[in-house]
Amino acid sequence: MKIAMIGTGYVGLVSGVCFSDFGHEVVCVDKDPRKIEMLRRGEVPIYEPGLDMVMARNVAAGRLTFTGDLAAAVDGADAVFIAVGTPTRRGDGHADLTYVMAAAGEIGRALTGYAVVVTKSTVPVGTNRQVAAAVRAANPAAEFDVASNPEFLREGAAIDDFMRPDRVVVGVESERAKAVMADIYRPLFLREFPVVYTDLESAEMIKYAANAFLATKITFINEMAMLCEKVGADIKAVSRGMGLDGRIGNKFLHAGPGYGGSCFPKDTQALARIGQEHAAPCAITETVIAVNDRVKRRMIDKVVDLCGGSVNGKTILVLGVTFKPNTDDMRDAPSLTIVPALVGGGAKVRVVDPQGRREGEALLPGVTWADDPYAAAEGADALVILTEWNEFRGLDLGQMAQRMAHPRMADLRNIYPPEDVREAGFVAHVAVGRPGFGVEG
Ligand SMILES: NC(=O)c1ccc[n+]([C@@H]2O[C@H](COP(=O)([O-])OP(=O)(O)OC[C@H]3O[C@@H](n4cnc5c(N)ncnc54)[C@H](O)[C@@H]3O)[C@@H](O)[C@H]2O)c1
């Protein structure tokens, strides 16, 4: 199969690289010339574990190339994937389809023979039909079908998720398009990963419904964590007790500082908007959005309480600012709510993050970046764990406490048992949904 991948971001690059690893001939396209230059030099523009190796072996095998020339990539392709961004539209929460529709028009003009135009970007119900209309408008003679193929990979584990997915979802309307999609995913089908064929609208809905459900699960446990704090229960025990129930499952049941990232915030907002537009309000999703916002803001209060009622003049060390470990993605990370509030409250904030600095420097003005958590702890008044990178899971807490002026910890990922924190010499500790110590109020 010959594949053109339009958009070489977190999803497009991983998908393109993995399709080439399946043995297909893949051309990845991006309109950002710096990205294409980097990729041609063999550099990966994002941080995604393992991606560099799979990319290098497929470039070496001659199956994977990069270009800024969309028309050249589309020429002769069996399938053209749209994997461009669909951020939140300013003002109304709707998914911004500008990039998708622009790509559809460009693809239409470039089509030379039959191809399946596949939307991999997360798009509202009805978008695939709009894509078909845009291709048709740009090129009335074009021979093509559209397909919806939403992506479920997780940043930080993207290669494994793509190569060993829980399922692949394909929305198609013709046998011809179905046959092309079946050929593309044959290596996964042969290894018995389920491929769900359905209509366009259902495929589009599956993606939003899945993400909204996961965001709901996280938000539910975060709400239970709030209650646990009031009644003296430990959310860790509650999560475990709930998660062992096979009907519930233990995934996405860890209390923390609220969900963030490139998908859940924008996809929940878009789903809420779709519901409103169709007079079928998604009340649960709307509530989830509001509660998650409260959860993030509650974290600020925790740090302020930890610091005795004010962060003004305090030196605070923040460990982790990316929205989760193993990615450099800062989009809608809880740190973007919490850190500016601390800086605004007069704190001197030091930040350590294994990969976050490149993106984070512009997004978090007024902080000092450091590489080593121990050196950065020197003279600090509080330590805040925001993202559970492996580097922060096994800290020598005794050493950290010794270096700090006031050994106080806000463990917003519940990494460390409170008793270990106390034994290490910390005098105050707050966590999420479990008892801390040394903090009034
Ligand atoms: N990031 C994730 O974890 C994830 C997971 C599942 C689904 N998705 C969805 O996948 C889509 C892409 O997300 P992403 O995180 O990869 O976005 P991204 O912003 O990282 O990448 C998008 C890329 O598309 C390029 N682009 C835009 N218009 C173009 C055009 N006309 N021609 C060529 N290139 C163009 C941009 O330059 C950019 O490099 C979104 O709809 C998102 O919701 C993302």
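In this text, all values refer to a predicted model and were calculated from it rather than measured experimentally.

What counts and what doesn't
- Residues numbered from 1 in each chain as written.
- Predicted model: local features only at pLDDT ≥ 70, side-chain atom pairs only at ≥ 80, totals over all residues.
- Heavy atoms only, no water.
- UniProt positions renumbered as here; feature names shortened; annotations may be inferred.
- 1 Å grid on protein atoms, 1.4 Å probe; cavity = no way out; pocket = protein on both sides within 12 Å on 5 of 7 lines; lining within 4 Å.
- Contact = heavy atoms within 4.5 Å.
- Polar contact = N/O pair within 3.5 Å; in protein donor to acceptor, adjacent residues only side chain to side chain.
- Points joined across faces, edges and corners; volume = space filled by probe spheres on them.
- Nonpolar A, V, L, I, M, F, W, Y, C, P; charged D, E, K, R; others polar.
- Buried < 20%, exposed > 50% of the residue type's maximum accessible area, 1.4 Å probe, protein only.
- Helix = DSSP H or I, 4+ residues; strand = E, 2+ residues; numbered from the N terminus.
- Arc of directions from axis to C-beta.
- Pairing = 2+ DSSP bridges.
- Right-handed = clockwise from strand over helix to strand, strands pointing away.
- Salt bridge = Lys/Arg side-chain N within 4 Å of Asp/Glu carboxyl O.
- Near = heavy atom within 4 Å.
- Areas by Shrake-Rupley, 256 points an atom, 1.4 Å probe, with all protein chains shown as cover.
- Domains from an automatic or database assignment.
- Axes fitted to C-alpha atoms, helices over the stretch in contact; angles between N-to-C directions.
- Core = buried A, V, L, I, M, F, W, Y, C linked by side-chain atoms within 4.5 Å.
- Phe/Tyr/Trp six-rings, centres within 6.5 Å; stacked < 30°, edge-to-face > 60°.
- Lys NZ or Arg CZ within 6 Å of the ring centre and 35° of its normal.

**Here's the deal with the UniProt feature "binding site: NAD(+)" (unreviewed entry) in the protein chain**
Phase 1: The UniProt record annotates "binding site: NAD(+)" (unreviewed entry) at Asp30, Lys35, Thr86, Thr122, Glu155, Lys266 and Arg331. The annotated residues occupy 302 residues of the chain and do not converge on a single region, their most distant C-alpha atoms lying 24.1 Å apart. The annotated residues contributing to the lining of the largest cavity are Thr122.
Phase 2: Contacts of Asp30, omitting those with residues within four sequence positions, involve Gly7, Thr8, Gly9, Lys35, Ile36, Thr67 and Gly68.
Phase 3: Apart from the residues lying within four places of it in its own chain, the contact partners of Lys266 are Thr86, Pro87, Thr88 and Thr122.
Phase 4: Among the polar contacts listed, one links the side chain of Lys266 to the side chain of Asp267, at a separation of 2.9 Å.

**Description of empty space enclosed by the protein**
In this approach a probe as big as a water molecule rolls over the atoms, and the regions it shows empty are the leftover space.
Phase 1: Applying the stated rule across the entire model yields one cavity of 30 Å³ or more.
Phase 2: Within this model, the largest cavity holds a volume of roughly 30 Å³.
Phase 3: Around the largest cavity sit Thr119, Ser121, Thr122, Val123, Ser148, Asn149, Pro150, Glu204 and Lys207, which together line it.
Phase 4: Grouping the constituent residues of the lining of the largest cavity by class yields two nonpolar, five polar and two charged.

**A look at helix α8 (residues 175-184)**
Since the α-helix packs 3.6 residues into each turn, any two residues three or four apart lie on the same face.
Phase 1: Regarding α8, the residues found buried are Ala177, Val180, Met181 and Ile184. All buried residues of α8 project into a common sector of 95° when viewed along the axis, lining one side.

**Here's the deal with the pairing of strand β12 (residues 382-385)**
Phase 1: Taking every second residue as pointing to the same face, both faces of β12 are buried, with Ala382 and Val384 on one and Leu383 and Ile385 on the other.
Phase 2: Note that strand β9 (residues 315-319) and β12 share four bridges and pair parallel. Within β12, the position partnered with Ile316 by the bridge is Ala382.
Phase 3: Two elements, β12 and strand β13 (residues 408-411), share three bridges in a ladder whose sense is parallel. Of the residues in β13, the one forming a bridge with Ile385 is Asp411.
Phase 4: Since β12 and β13 lie parallel, the crossover through helix α17 (residues 397-403) that links them has a hand, and here it is right-handed.

**Details of the UniProt feature "active site" (unreviewed entry) in the protein chain**
Phase 1: Per the UniProt record, "active site" (unreviewed entry) is annotated on Cys263.
Phase 2: Note on placement: Cys263 falls in the loop between α11 (235-243) and α12 (264-277).

**Points about the pattern of salt bridges**
Phase 1: Counted by the stated rule, this structure contains 24 salt bridges.
Phase 2: Note that Arg176 is salt-bridged to Glu143, the shortest N-O span being 2.9 Å. Here the residue Arg176 occupies a position in helix α8, and Glu143 occupies one in the loop between α6 (127-138) and β6 (144-148), the gap between them amounting to 33 residues.
Phase 3: Judged by its relative accessible area of 44%, Glu143 is partly exposed.

**Digging into the site of the ligand**
Phase 1: In the vicinity of the ligand, 24 residues are found, and the nearest of them are Asp30, Lys35, Thr86, Glu155 and Lys266.
Phase 2: Interatomic distance of 3.2 Å between a side-chain N/O atom of Glu106 and a nitrogen atom of the ligand.
Phase 3: The side chain of Lys266 places a nitrogen or oxygen atom 2.6 Å from an oxygen atom of the ligand.
Phase 4: Considered on its own, the ligand offers 840 Å² of accessible surface; in the complex 90% of this is hidden by protein.
Phase 5: For the shell around the ligand, the per-class residue count stands at seven nonpolar, eight polar and nine charged.
Phase 6: In this structure, the shell around the ligand is formed jointly by two domains, domain 1 (2-198) and domain 2 (200-440), each of which donates at least three residues.

**A closer look at the sheet that holds β9**
Phase 1: As summarised here, the arrangement of the six strands in space is β11-β10-β9-β12-β13-β14, forming an open sheet in which the pairing is parallel. Each of the sheet's edge strands pairs with one partner strand only, and the pair in question is β11 (368-370) and β14 (428-430). If you compare each strand with its neighbour and ignore which way they point, the axes differ by 20° on average.

**Comments concerning the nonpolar core**
Phase 1: Counting 43 residues, the largest nonpolar core has Phe19, Phe81, Met181, Ile184 and Tyr185 as the members making the most contacts within it.
Phase 2: Broken down by element, the residue count for this core peaks at six residues, all from helix α1 (residues 10-21).
Phase 3: In this structure Ile184 touches Met1, Ile3, Phe19, Phe22, His24, Ala79 and Phe81, once residues within four positions along its chain are discounted.
Phase 4: The next biggest cluster of nonpolar side chains, apart from the first, holds 36 residues, and it includes Ala255, Val321, Ala347 and Val430.

**Re the packing of aromatic side chains**
Phase 1: Inspection of the entire model under this criterion finds eight aromatic pairs.
Phase 2: Relative to Phe264, the ring of Phe252 lies with its centre 6.1 Å away and its plane at 50°, an arrangement referred to as tilted. In this pair, Phe252 sits in the loop between α11 and α12 while Phe264 sits in helix α12, placing the two residues 12 residues apart along the sequence.
Phase 3: Overall, Phe252 belongs to the partly exposed group, its relative accessible area being 29%.
Phase 4: A cation sits over an aromatic face here: Arg167 above Phe152, 3.6 Å from the ring centre.
Phase 5: The aromatic ring of Tyr197 is capped on one face by Lys178, whose charged end is 4.8 Å from the ring centroid.

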